[in-house]
Amino acid sequence: MNIRKNFEAIFLSAAALGLVASYATAASRPVEVAQKEAAVLIDSTVHVVVVKAPRLSVAEKAGLK
C-alpha cells in the first residue's frame, strides 16, 4: 500500500533522473556506426516441391498405427 501512495513521487524522480542523464550525455560524442554491406542475391530462382500422392483411406490410416 505504501508504494501506491508514493508512486507519483517515484515516477517523477525517475523521469527527472532520465532527463538529467539525457542532458548529460547529449554533449558527448555521437556513436559512429559502420555501414553494413548490402546482401547479394546469388540465385533468384524459387525452388518448388510438388508431391503427387493419393490420400490414405481410413483403413490405411488405421493400419499405420
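The structure we're discussing is the one just above.
The rules we used
Residues numbered from 1 in each chain as written. Predicted model: local features only at pLDDT ≥ 70, side-chain atom pairs only at ≥ 80, totals over all residues. Heavy atoms only, no water. Helix = DSSP H or I, 4+ residues; strand = E, 2+ residues; numbered from the N terminus. Rg over C-alpha atoms; globule rule 2.2 N^0.38 Å. Buried < 20%, exposed > 50% of the residue type's maximum accessible area, 1.4 Å probe, protein only.

Peer 1: Where do I start with the overall build of the protein in this structure?
Peer 2: Across its full length, the protein holds three helices and zero strands. For the protein, the C-alpha radius of gyration of 32 Å lies well beyond 11 Å, the compact-globule estimate for 65 residues. Projected onto the principal axes, the alpha-carbon positions of the protein cover approximately 70 × 50 × 15 Å. When burial is assessed residue by residue, the protein has 0% of its 65 residues classed as buried.

Peer 1: How do you make sense of the environment of Lys 65 when you look at a structure like this?
Peer 2: Residue position: Lys 65 is located in the segment after helix H3 (58-64). Along the chain, Lys 65 and Val 33 lie 32 residues apart, while their C-alpha atoms are 58 Å from each other.

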